[in-house]
Amino acid sequence: MFQAIRGTKDILPAESIYWQYIENILTDVSNRYGYQELRTPIFEKTEVFSRGIGDSTDIVNKEMYTFLDRGGESLTLRPEGTAGLVRSVLQNSLLQQSSILRLWYFGQYFRYERPQKGRLRQFHQYGAECIGSANPESDAEIILLASSIIKATGINDFKVLLNSLGNLESRKKYREELIKFLNSVKEKLSEDSLSRIDKNPLRVLDSKDKRDIEATADAPNILDFLDNSSRDHFDIVKKILIANGVQPVIQPRLVRGLDYYSHTVFEFQSDALGAQDSIGGGGRYDSLFEQLGGKPAQAVGFAMGIERLLLIIEHKALFPDLNSCPDIYIVTANETTLMSVNVISEILRKKNLKVITDLNRRSMKAQLREANKLNAKYTVIIGEEEEKKGVVQLKNMSTGEQSELNIASLNEYTFR
Ligand code: HAM
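Nothing here was measured: the structure is a model prediction, and the numbers come from that model.

## Remarks on the site of the ligand
- Taken together, the neighbourhood of the ligand is formed by 27 residues, with Glu80, Glu113, Leu120, Glu129 and Tyr261 sitting nearest.
- One of the side-chain N or O atoms of Gln125 is found 3.1 Å from an oxygen atom in the ligand.
- A distance of 2.9 Å separates a nitrogen atom of the ligand from a polar side-chain atom of Tyr260.
- Contact with the protein chains hides 96% of the accessible area of the ligand, taken as 660 Å² for the molecule alone.
- Where the shell around the ligand is concerned, the elements lending two or more residues are β6 (122-131), β10 (278-284) and β11 (299-305).
- The biggest single contributor to the shell around the ligand is β10, with 6 residues.
- Classifying every residue of the shell around the ligand by side-chain character gives 10 nonpolar, 10 polar and 7 charged.

Okay, here's the thing in structure tokens:
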């Protein structure tokens, strides 16, 4: 028997009701913030990601599903949503139609990572991007939107880690200082971090390797390098969040794993997740549009892992009762009433009722057992006698009440 590919999962019917529940929350909260959905293809030219996310990142170096198509073109299954979305905004000249774009997306993403709880090779992300404003209120809007989604699921004890990478100039100064520092502790660093000193020194701060954590304990703090405008930007973001009841945890070592960030970066964390504790994250990215060949545009956004969000909701038992029972189970005597059953079921479905019929031509007893098992609210019983008289027996399964009803009056009947 075939098995699903390692790191991928079937979402079975018993789980899909929870996915639909979450997807409704995502759509609803996005609407309340005025965000519109944008759907991009699942694969793009490889360059969209290598240029967008950055050549020296783990995602581009180790995790992408890249292949040559039959025309010899290098394509990649999207590892994240932002680069493809920016490609689409540029290609469709969306910024010419509106000076601010508020966009959201939901779908499958692919990373060749070592699978474990909360980490898959095909996973789902919801993301939102606010494009066209350099102002800190748009950073705050995105963080508040993300918080609202998490809160709408009933989760309240998550952390919002916040940092600023500053603008290009202040980051450049910090980078130089950090490289000097890292060279001074070179002997103590892991091999991975050693190779990053010149290419991507900020990522060394993000390393989970014990040796790196110890060696960089006294590394210079990026927040000390912010110039006045970068500091003002960061302060306003913090103030808006606090005014709205979101208390950020300032985390100067938070640098994130993608190259396109500047100014605000943030991450949502939950203790319920174990090692993979990040529910979502994001930040401001003011240079990505140019990286992808467009005119400069300012933007900020985030994405969250939906499998991880579901894990927390399940862990905290926050799901409402979502099992929807049939309104009506139609019990029938035999093949002779088949036509009536199918006509009646269609009449009832048009009344917006959930109607189940027996497709295995089982005995009436077996059908009634099934109706009970499915917790049907009513059974509509139609035997040969009933069919001749043009009636059905209607049984309310919770009260046991039974009444005879004309088939012709079914359409008007109010099922409670
Ligand atoms: P990211 O931090 O790479 O950011 O991913 C966001 C979230 O996706 C993570 O916090 C995690 O919940 C989920 N995630 C990532 N990889 C996996 C995986 N292998 N299995 C399960 N869940 C995963 C981005 O993707 C950026 N595009 C966010 C962004 C949007 N920045 C600006 N705009």
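Moving on from the coordinates now.
## Let's talk about helix α1 (residues 13-32)
- Taking 1.5 Å per residue as the helical rise, α1 with its 20 residues ought to reach 28 Å, and the 29 Å between its terminal C-alpha atoms agrees with that figure.
- Turning to α1, its buried residues are Trp19, Tyr21, Ile22, Ile25, Leu26, Val29 and Ser30. For α1, the buried positions fall inside an angular range of 165 degrees around the axis, keeping them on one side. With respect to the buried face of α1, the exposed residues turned more than 90 degrees away are Pro13, Asn24, Asn31 and Arg32.
- Buried-residue contacts for α1 involve β5 (101-110), β6, α6 (136-152) and α12 (306-315).
- Of the residues flanking the end of α1, it is Gly34, one or two places downstream, whose phi is positive at about 75 degrees.

## A closer look at a nonpolar patch on the surface
- Taken together, Ile42, Phe43 and Phe67 make up a surface patch of nonpolar side chains, about 250 Å² in accessible area.
- Here Ile42 is to be found in the loop between β1 (36-37) and β2 (43-45).
- Residue Ile42 is classed as partly exposed on the basis of its relative accessible area, which comes to 33%.

## Description of the pairing of β5
- With 7 of 10 residues buried, β5 is to be regarded as a mostly interior element.
- Here 2 bridges tie β1 to β5, and the two strands are oriented parallel to one another. By the bridge assignment, Gln36 is partnered in β5 with Leu103.
- In the sheet, β5 pairs with β6 via 10 bridges, with the strands oriented antiparallel. Paired with Arg102 across the bridge in β6 is Cys130.

## Structural notes on the packing of α1 against α6
- Packing of α1 against α6 leaves a shortest axis separation of 10 Å and a crossing angle of 145 degrees. As α1 runs across α6, the sense of the crossing is right-handed. Every residue of α6 that contacts α1 at Tyr21, Ile25, Leu26, Val29 and Ser30 is listed here: Leu145, Ser148, Ile149 and Ala152.
- Its residues assigned to classes, the contact of α1 with α6 shows 7 nonpolar, 2 polar and no charged.

Scoring rules and cut-offs
- Residues numbered from 1 in each chain as written.
- Predicted model: local features only at pLDDT ≥ 70, side-chain atom pairs only at ≥ 80, totals over all residues.
- Heavy atoms only, no water.
- Near = heavy atom within 4 Å.
- Polar contact = N/O pair within 3.5 Å; in protein donor to acceptor, adjacent residues only side chain to side chain.
- Areas by Shrake-Rupley, 256 points an atom, 1.4 Å probe, with all protein chains shown as cover.
- Helix = DSSP H or I, 4+ residues; strand = E, 2+ residues; numbered from the N terminus.
- Nonpolar A, V, L, I, M, F, W, Y, C, P; charged D, E, K, R; others polar.
- Expected span 1.5 Å × (residues − 1).
- Buried < 20%, exposed > 50% of the residue type's maximum accessible area, 1.4 Å probe, protein only.
- Arc of directions from axis to C-beta.
- Contact = heavy atoms within 4.5 Å.
- Patch = residues over 30% accessible without salt bridge, like charges linked within 9 Å, V, L, I, M, F, W, Y side chains within 5 Å.
- Salt bridge = Lys/Arg side-chain N within 4 Å of Asp/Glu carboxyl O.
- Pairing = 2+ DSSP bridges.
- Axes fitted to C-alpha atoms, helices over the stretch in contact; angles between N-to-C directions.
- Left-handed = near helix turned anticlockwise from the far one by under 90°.

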